[in-house]
Amino acid sequence: MNLPFKIDLKDKVAVVTGAGGAICAGFAKALAECGAKIAVLDLNKAAADAVAEEINATGGYAIGVEANVLQIESLQNAKKIVNEKLGTCDILINGAGGNHPKGTTTKDYLFKEDLENKKEDVVTLFDLDPKGIEFVFNLNFLGTLLPTQIFVKDMIDKKDAVILNISSMNAFTPLTRIPAYSGAKAAISNFTQWLAVHLSKVEVRVNAIAPGFFIGNQNRGLLMNADGTYTERAQKILAATPMDRFGELDELIGTLLWLVDSKASGFVNGVVVPVDGGFSAYSGV
Ligand SMILES: NC(=O)c1ccc[n+]([C@@H]2O[C@H](COP(=O)([O-])OP(=O)(O)OC[C@H]3O[C@@H](n4cnc5c(N)ncnc54)[C@H](O)[C@@H]3O)[C@@H](O)[C@H]2O)c1
């Protein structure tokens, strides 16, 4: 991986949840290149192991650990493995998260005709499934809070301990169609501030990255047509992105390293940093 710059994470242990996925696999690799020992946590053990193997094959040190960020016992078990094999946690990246189709409408706006002549494939506010909404809120919000409860015990009164949460563009202004995901990420931004205050006396810094639009497994179907052209939604996103393009995952790494390195960001606490090509700054006019 081509790092924008290196920081010194020698002897540090980093726990990265959702690290079998697109963004946090990159985060895990970047932290490993800076010398940290990495616990690659994911619900998908095969994905976690594959990322750990890649790190080990390139001279780093990582283990894949199966963990469900929604189950305390699973997280306790993961912590036991991490503590035995790597040591106590210095850096926690809460990366597991995502959306669910059942928390998503099919159109941006509610039209009267969709109520009067209801079509099977049209999902409006009234068809949103509470179970789908619950899934999204749990995965993102509880999935950040529970790993924090478990791993922060290692971090209390450690030097340079740090937590990084993953918020999103939709936390600043909700995106159309995805009320559950937008609300859940807004909750993560809010929790980031709360936690930064709550943990300030035990010297654990807490910040978040809010990625803009990066094409990954979660959203590829929404953004790309089968023939490789952009969908209507992708074109709308690009029209609202002053830099006229989607982000490259590597473009998140500089912000990750800055927020993790206490020499660089030691007095930065409780912030949510957008990395979005100007999307959140642009009013559309
Ligand atoms: N891709 C984007 O453009 C984008 C933009 C903004 C925010 N985000 C956020 O960044 C984070 C990573 O996104 P990504 O694009 O890499 O997603 P991804 O789907 O590639 O990865 C998510 C990973 O989380 C794991 N996971 C799911 N449920 C889990 C659970 N209960 N316990 C443990 N692991 C679980 C999955 O197995 C997967 O490996 C998410 O929080 C996402 O909401 C992504």
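Use the structure listed above.
## A look at the overall build of the protein chain
- Scanning the protein chain for helices and strands turns up ten helices and seven strands.
- Relative to the compact-globule value of 19 Å for 285 residues, the protein chain shows a C-alpha radius of gyration of 19 Å, a close match.
- For the protein chain, the spread of C-alpha atoms along the three principal axes comes to 60 × 40 × 40 Å.
- Buried residues in the protein chain amount to 49% of all 285 residues.
- In the protein chain, the proportion of contacts linking residues at least 24 apart, taken out of those at least 6 apart, comes to 72%.
- Accessible surface for the protein chain amounts to roughly 14200 Å². Of this, 55% is attributable to carbon and sulfur atoms.
- Distance from the positive charge centre (27 side chains) to the negative charge centre (32 side chains) of the protein chain: 4 Å.

## Some remarks on the nonpolar core
- With 38 residues, the main nonpolar core has Phe-27, Leu-31, Ile-38, Val-40, Ile-93, Leu-256 and Val-260 as its most contacted residues.
- Elements that contribute at least two residues to this core include exactly β1 (13-17), α1 (22-33), β2 (37-42), α2 (45-57), β4 (91-94), β5 (161-166), α9 (253-260) and β7 (272-275).
- In terms of residues, this core owes the most to one element, α1, which gives seven residues.
- Non-local contacts of Val-260, meaning those with residues more than four positions away in its chain, are made with Ile-7, Leu-9, Leu-31, Ile-91, Ile-93, Val-162, Arg-205 and Ser-265.
- Of all hydrophobic cores here, the second largest spans 27 residues; its members include Leu-41, Ile-63, Cys-89 and Ile-163.

## So, α9
- Counting buried positions along α9 yields six of eight residues, so the element is predominantly enclosed.
- The complete set of buried residues in α9 reads Ile-253, Thr-255, Leu-256, Leu-257, Leu-259 and Val-260.
- Elements in contact with the buried residues of α9: α1, β4, β5, β6 (204-211), α10 (262-265) and β7.

## Structural notes on the sheet that holds β5
- Read across the open sheet, the seven strands follow the order β3-β2-β1-β4-β5-β6-β7; overall the sheet is parallel. The open sheet is flanked by β3 (61-66) and β7, the only strands paired with a single partner. Adjacent strand axes in the sheet meet at a mean angle of 20 degrees when their direction is disregarded.
- Of the pairings in the sheet, the one linking β2 to β3 comprises six bridges and is parallel in character. Counted as the bridge partner of Ile-38 is Ala-62 from β3.
- Contacts from helix α3 (residues 72-85) reach β1, β2 and β3, with the element oriented near 160 degrees to β3.

## A look at the packing of aromatic side chains
- For the structure on display, the rule yields five aromatic pairs.
- Judged by centre distance (6.4 Å) and plane angle (75 degrees), the rings of Tyr-109 and Phe-111 are edge-to-face.
- The exposure class of Tyr-109 is exposed, given its relative accessible area of 58%.
- Among the residues examined, Phe-111 registers a relative accessible area of 36% and is labelled partly exposed.
- Following the ring pairs from residue to residue traces out a cluster consisting of Phe-141, Phe-191 and Trp-194.

## A closer look at the packing of helix α5 (residues 130-155) against helix α6 (residues 179-198)
- Two elements in contact, α5 and α6, have axes separated by 8 Å at closest approach and are oriented at 20 degrees. When the axis of α5 is compared with that of α6, the two are roughly parallel. In this structure, α5 crosses over α6, and the sense of that crossing is right-handed. Contact residues: Ile-133, Val-136, Phe-137, Asn-140, Phe-141, Thr-144, Leu-145 and Thr-148 in α5; Ala-180, Tyr-181, Gly-183, Ala-184, Lys-185, Ala-187, Ile-188, Phe-191 and Leu-195 in α6.
- Considered class by class, the residues forming the contact of α5 with α6 number twelve nonpolar, four polar and one charged.

## Comments concerning the side chain of Lys-12
- Within the fold, Lys-12 resides in the segment before β1.
- Setting aside residues no more than four positions away along its own chain, Lys-12 makes contact with Ala-36, Lys-37, Asp-90, Ile-91, Lys-159 and Asp-160.

## A few points about the pattern of salt bridges
- Under the counting rule described, the total for this entry stands at 13 salt bridges.
- Residue Glu-84 pairs with Lys-80 through a salt bridge whose shortest N-O separation is 3.8 Å. Here Glu-84 pairs with Lys-80, and both are found in helix α3, just four residues apart, close to one helical turn.
- A salt bridge links Asp-114 to Lys-107; the shortest N-O distance between them is 2.8 Å.
- One salt-bridge network, in which partners are shared between bridges, spans Asp-108, Arg-177, Arg-233 and Lys-236.

About the cut-offs
Residues numbered from 1 in each chain as written. Predicted model: local features only at pLDDT ≥ 70, side-chain atom pairs only at ≥ 80, totals over all residues. Heavy atoms only, no water. Helix = DSSP H or I, 4+ residues; strand = E, 2+ residues; numbered from the N terminus. Rg over C-alpha atoms; globule rule 2.2 N^0.38 Å. Buried < 20%, exposed > 50% of the residue type's maximum accessible area, 1.4 Å probe, protein only. Contact = heavy atoms within 4.5 Å. Areas by Shrake-Rupley, 256 points an atom, 1.4 Å probe, with all protein chains shown as cover. Lys, Arg positive; Asp, Glu negative; His and termini not counted. Charge placed at Lys NZ, Arg CZ, Asp CG, Glu CD. Core = buried A, V, L, I, M, F, W, Y, C linked by side-chain atoms within 4.5 Å. Pairing = 2+ DSSP bridges. Axes fitted to C-alpha atoms, helices over the stretch in contact; angles between N-to-C directions. Phe/Tyr/Trp six-rings, centres within 6.5 Å; stacked < 30°, edge-to-face > 60°. Parallel < 35°, antiparallel > 145°, perpendicular 65-115°, else oblique. Left-handed = near helix turned anticlockwise from the far one by under 90°. Nonpolar A, V, L, I, M, F, W, Y, C, P; charged D, E, K, R; others polar. Salt bridge = Lys/Arg side-chain N within 4 Å of Asp/Glu carboxyl O.

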